[in-house]
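Coordinate analysis (summary)
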Amino acid sequence: MAVTLEKIPGQEERVILSMGPQHPSTHGVLRLVLELDGETVIRSLFDIGYLHTGFEKSFEDKTYSQGITLTDRMDYLAPLSNNLAYCLAIEKLLELEIPPKAQWARVLLTELTRVGSHLVWLGTHAIDIGAMSMFLYCFREREEILRIFEMVSGQRMMTSYFRVGGLALEPPLGWLDRVKKIVDRFPERVDEYEALLTKNPIWLRRTQGVGTISAEDAIAVGLSGPSLRGSGVDWDLRKKQPYSSYDKFNFNVPTRPEGDVYARYLVRVAEIRESLKIVRQAMEGMPEGPIKANAPHIVLPDRESMKTSIEALIYHFKIVTEGFHPPVGEVYQAIESPRGELGIYMVSDGSPKPFRCHVRAPSFANLQGLAKMMEGRLIADAVACIGSIDVVLGEIDR
Amino acid sequence: MALSSDTLFLLGVAVVKVVVVLLVLLTAIAYIVWLERKLVAHIQSRWGPYRVGPYGLMQPMADGLKFLFKEDIVPLEVDRFVYWLAPFLSFTLAMLTFAVIPFGGSFKLFGHEIYLQIADLNVGLLYIFAVTSLGVYSIALAGWSSNSKYPLFGGLRSSAQMISYELSLGLAVVGTLMISGSLSLRDIVNSQTGTWHLAGTNTFLPHWNIFVQPVGFIVYFIAAIAETNRIPFDLPEGETELVGGYHTEYSSFKFAMFFMAEYANMVTVSCIATLLFFGGWHGPVFGPAWLHVLLPVFWFALKVFCFLFFYIWTRGTLPRFRYDQLMAFGWKFLLPVALLNILATSFVVAWIGT
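What you are looking at is a predicted structure, and each value in this text was computed from that prediction instead of being measured. (Residues numbered from 1 in each chain as written. Chains lettered and ligands numbered in written order. Predicted model: local features only at pLDDT ≥ 70, side-chain atom pairs only at ≥ 80, totals over all residues. Heavy atoms only, no water.)

So, on to the overall build of chain A. If you tally the helices and strands in chain A, you get 17 helices and eight strands. Whereas a compact globule of 398 residues would reach a radius of gyration of roughly 21 Å, chain A reaches 22 Å, a difference of no more than 12%. Across chain A, the fraction of contacts at a sequence separation of at least 24, relative to all contacts at a separation of at least 6, is 70%. About 15400 Å² of surface is accessible on chain A, with carbon and sulfur atoms providing 54% of the total. If you average the places of the 46 positive and of the 52 negative side-chain charges in chain A, the two averages end up 3 Å apart. (Helix = DSSP H or I, 4+ residues; strand = E, 2+ residues; numbered from the N terminus. Rg over C-alpha atoms; globule rule 2.2 N^0.38 Å. Contact = heavy atoms within 4.5 Å. Areas by Shrake-Rupley, 256 points an atom, 1.4 Å probe, with all protein chains shown as cover. Lys, Arg positive; Asp, Glu negative; His and termini not counted. Charge placed at Lys NZ, Arg CZ, Asp CG, Glu CD.)

According to the stated counting rule, one finds zero disulfides over all chains in the structure shown. Here C87 of chain A stays free of any disulfide, with the sulfur of C357 of chain A as its closest cysteine sulfur at 11 Å. (Disulfide = S-S within 2.5 Å.)

Let us now look at the interface of chain A and chain B. Tallying the contact residues gives 35 residues for chain A and 26 residues for chain B. When chain A packs against chain B, the two sides together hide about 2700 Å² of surface, and 59% of this comes from carbon and sulfur. D381 of chain A serves as the salt-bridge partner of R322 of chain B, at 2.8 Å between the closest nitrogen and oxygen. Taken together, chain A and chain B are joined by 11 residue pairs in polar contact (both at pLDDT 80 or more). Elements with a minimum of two residues in the side of chain A that touches chain B: β1 (15–19), α4 (100–128), α5 (132–153), α7 (201–207) and α16 (379–389) of chain A. Residues of the side of chain A that touches chain B, tallied by class, amount to 20 nonpolar, eight polar and seven charged. (Buried area = accessible area lost by both parts, 1.4 Å probe. Salt bridge = Lys/Arg side-chain N within 4 Å of Asp/Glu carboxyl O. Polar contact = N/O pair within 3.5 Å; in protein donor to acceptor, adjacent residues only side chain to side chain. Nonpolar A, V, L, I, M, F, W, Y, C, P; charged D, E, K, R; others polar.)

This paragraph deals with the sheet that holds strand β3 (residues 40–47) of chain A. Taken together, the three strands give an open sheet; going across it, the order is β1-β2-β3 (chain A), and neighbouring strands pair in antiparallel fashion. Both outer strands of the open sheet, β1 and β3 of chain A, are each paired with one neighbouring strand and no more. The mean inter-strand angle of the sheet, taken between neighbouring strand axes irrespective of direction, is 20 degrees. Relative to β3 of chain A, strand β2 (residues 31–37) of chain A is paired through seven bridges, and the arrangement is antiparallel. Within β3 of chain A, the position partnered with E35 of chain A by the bridge is R43 of chain A. Here α16 of chain A sits on the sheet and contacts β1, β2 and β3 of chain A; the angle it forms with β1 of chain A, its principal contact strand, is near 35 degrees. Sitting on the sheet, helix α5 (residues 149–172) of chain B touches β1 and β2 of chain A, and the angle it makes with β1 of chain A is about 110 degrees. (Pairing = 2+ DSSP bridges. Axes fitted to C-alpha atoms, helices over the stretch in contact; angles between N-to-C directions.)

Moving on, we get to a nonpolar patch on the surface. All names here are of chain B. On the surface, a nonpolar cluster with roughly 570 Å² of combined accessible area is contributed by F298, L302, F305, F309, F310 and W313. Following the sequence through the fold, F309 ends up in helix α11 (residues 289–317). F309 sits in the partly exposed class, given a relative accessible area of 33%. (Patch = residues over 30% accessible without salt bridge, like charges linked within 9 Å, V, L, I, M, F, W, Y side chains within 5 Å. Buried < 20%, exposed > 50% of the residue type's maximum accessible area, 1.4 Å probe, protein only.)

Another point: the sheet that holds strand β7 (residues 340–348) of chain A. Residues and elements named next belong to chain A. Taken together, three strands build an open sheet; the order of strands is β6-β7-β8 and the sheet is antiparallel. The sheet is open, and its two borders are formed by β6 (329–337) and β8 (356–360), each paired with just one other strand. Within the sheet, the average angular offset between the axes of one strand and its neighbour, ignoring direction, is 15 degrees. Here nine bridges tie β6 to β7, and the two strands are oriented antiparallel to one another. Along β7, the bridge assignment pairs E330 with V347. This element, helix α3 (residues 79–94), spans β6, β7 and β8 of the sheet and lies at about 150 degrees to β6.

In this section: the packing of aromatic side chains. Tallied over the full model, the rule gives 37 aromatic pairs over all chains. Aromatic pair F278 of chain B and F307 of chain B: ring centres 5.4 Å apart, planes at 75 degrees, arrangement edge-to-face. Here F278 of chain B is found in the loop between α10 (252–277) and α11, whereas its partner F307 of chain B is found in helix α11, with 29 residues between them in sequence. Side by side, F278 of chain B and F307 of chain B carry an identical accessibility label, which is buried. In this structure an aromatic cluster arises from ring pairing among W208, F217, Y220, F221, F277, F278, F305, F307, F309, F310, Y311 and W313 of chain B. The cationic tip of R268 of chain A hangs over the ring face of W121 of chain A; the distance from NZ or CZ to the ring centre is 4.9 Å. (Phe/Tyr/Trp six-rings, centres within 6.5 Å; stacked < 30°, edge-to-face > 60°. Lys NZ or Arg CZ within 6 Å of the ring centre and 35° of its normal.)

The two faces of the sheet receive side chains in turn, since in a regular strand these alternate between them. In the sheet, strand β1 (residues 106–109) of chain B pairs with strand β2 (residues 112–115) of chain B via four bridges, with the strands oriented antiparallel. When the bridges of β2 of chain B are listed, F107 of chain B appears paired with I114 of chain B.

Let's shift gears to the environment of G67 of chain A. Residue and element names in this part refer to chain A. Relative to the assigned elements, G67 resides in helix α2 (residues 67–72). Here G67 falls in the buried class, since its relative accessible area comes to 0%. Along the sequence, G67 and I319 sit 252 residues apart, while their C-alpha atoms lie 14 Å from each other.

Attention now goes to empty space enclosed by the protein. Residue and element names in this part refer to chain B. According to the stated counting rule, one finds three cavities of 30 Å³ or more in the structure shown. Taken as a whole, the largest cavity spans an internal volume of roughly 240 Å³. What lines the largest cavity is a set of 21 residues, and nearest its centre among them are G135, I139, M162, A261 and N265. Those elements that provide at least two residues to the lining of the largest cavity are α3 (80–96), α4 (124–145) and α10. With six residues, α10 is the largest single contributor of residues to the lining of the largest cavity. (1 Å grid on protein atoms, 1.4 Å probe; cavity = no way out; pocket = protein on both sides within 12 Å on 5 of 7 lines; lining within 4 Å. Points joined across faces, edges and corners; volume = space filled by probe spheres on them.)

Tallied over the full model, the rule gives 35 salt bridges over all chains. Here E322 of chain A makes a salt bridge to K318 of chain A, at a shortest N to O gap of 3.1 Å. A relative accessible area of 42% places K318 of chain A in the partly exposed class. We note a salt bridge from R315 of chain B to E36 of chain B, for which the minimum N-O separation is 2.3 Å. Separated by 279 residues along the polypeptide, R315 of chain B in helix α11 and E36 of chain B in helix α1 (residues 5–43) bring together distant segments of the chain. Taken together, the salt bridges that share partners define one network made up of E111, R114, R229, D236, R238, E271 and E336 of chain A.

Residues and elements named next belong to chain B. The space that makes up the largest pocket amounts to roughly 1100 Å³. Residue assignment for the lining of the largest pocket shows that the elements contributing at least two residues are α1, α2 (59–69), α9 (239–242) and α10. Top element by residues in the lining of the largest pocket is α1. It accounts for nine residues. Along the lines of polarity and charge, the residues of the lining of the largest pocket split into 22 nonpolar, eight polar and 12 charged. Approximately 750 Å³ is the volume attributed to the second largest pocket. Lining of the second largest pocket is provided by 28 residues; of these, V21, V24, L25, F103 and V297 occupy positions nearest its centre.

Attention now moves to the environment of P102 of chain B. Residue and element names in this part refer to chain B. As for its placement among the helices and strands, P102 is situated in the loop between α3 and β1. You can call P102 buried: its relative accessible area is 0%. In this structure the C-alpha to C-alpha distance between P102 and W281, which are 179 residues apart in sequence, comes to 8.5 Å. With sequence-adjacent residues up to four places away left out, P102 is seen in contact with L116, Q117, L185, R186, L275, W281 and F300.

This brings us to α2 of chain B. Residue and element names in this part refer to chain B. Within α2, the full set of buried residues consists of Q59, P60, D63 and F67. Summarising the axial view, the buried residues of α2 lie within an arc of 100 degrees, below the 170-degree limit, and thus occupy one face. Opposite its buried face, α2 presents the exposed residues L68 and F69, each directed more than 90 degrees away. The inward-facing, buried residues of α2 abut α1 and α10. (Arc of directions from axis to C-beta.)

So, to be careful, I would describe these as geometric facts and stop short of saying anything about function.
Shown next as structure tokens:
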């Protein structure tokens, strides 16, 4: 039985409108139930679960390494961020030391992921407000980033490239040249997008003062990421709780005080630029060395030693057939995904499979702010608000 | 009573004109769709249609066939009569406007002066406004009869929008009417012959109304975009808000009729802009006699094409207004500007007249 809003007695002339799950601008399969007075939204209700996949339960039935493939599919616009959060949680449990080259590559790739994810957001957000061409431009640029992912991992979207203890493979020769090409050209492209939107009077009218949420409300409902920073709260886990050696990189955290759709737009566009700065630093400072931690009972040996050393072969066999046994305990590891705080809460009972793995999905928390933003606004604003918090349904319905 | 041979001849000519205009217009509409897809594609760094025929030139035929063969789904809860009526009304009204639009000068055939126009009404402009304002019925009725929420919102929005912008549209052209002193489109164009003379010297600027009515033209063109429901004023069908707006529940050929009507309306308003502000078919004419007939038609088509190009260009660039902003823009900005323009024009016309 679908969720619906009951009409208030005495207000029967109001329309209850079901928006989604098949609607062009609900970003996947979000369903909204809106109570409308004319075109004004009086109340709203969100109905999620149309993309329910049962990932969290599935984690319990897979070894720690196998679980990585599931994380790709949660936030399908930022697979590498999910990989990172999951791996970091297990590494925290195991207290593994990750070699610097792997850390730098992780930072580089997750920041490229952020750029790619923000490009999809910008394209879809713009098309929601009617600027059709932006969508195509953004997807054109994202293609270049996906090619990098394909180059290093063999997959465009379902990368599963980060593994417990480091990276899956040594990145191919010449990948940094490709990254350099993107980093060199990108700021110019971002200028182009800004030229189309940032000062466009129609864009300003559609976004300024729309979907405002105060810093207190934003914190109260648990917003995070750019949606929170758009309300003027300077909170970025890369700075506040550095992981994966983010403290060695130099970057700013853009914030805007207004808390409206336009502020969130500006924050994300500025983040694209900051991410490119981090990518450049990671690219230029990429250290040499191993890409996997020195932990033979956890990290798969390379092919060469597997074929020449009996110990490596035994470890390989053990890891693949049984998995590894982390100590009993529980950890929570959060990272700053493109959408906000992506946390993995992992409980280990000492067996090769997690006892429980809960995901704190940023989209899920950010969705809670939407009702506040949409209150008393028009339908067209509701669409702009949905776009501005950048939800990914795969992550909400885990 | 036997008809005289002259009357029969003129009747024949009228029929030929109607058929030719309809054929050309329908083909033109089909190729405007192709042009739009190509242009927007290139703006967005894509290729657009290119599979069907060279440069995808047969794409309009393929689209038309597709519409014809699609299943015609009629939802159960619709008001059947009105639901059927709306698309036909929309298409017919869009076609009717072309009855009074002149495409060129005239030529002699068997001793008869033949004008390149189906009917030269002395209230041609009023006729066009009358017919286009009826167009709002088709959209409102489509939205209402579908008995569904999104089309209803679309229908309501467009009724409000078209009525508001119709006012500015009508007032914007009043200035040109005062200058040319006629409502017949042919007379208005003929009043724009030659070049502007300023203080006795020839400026070599064509004698077009745009140079004396720039404000009128800008108001007209903005209102015309709103009137034809195009970006940035395409709220009645804003697909990211209202799915498909008033035509959400329509499929197959009934949808195609709405679609064609929209493009026909684009052509209409572009034609009127050309006729009222850009001297219609006037342009350099040279060469043998047959060129003297064809060149004006070419100039006319070229000018109309420029407007259509502008329409498509806007679509590739701008975001969409919000409903309340659109209404505020129409009533609080366009309407006063149009009124001031009329006031200023009437003072100038009166001053020169004395």
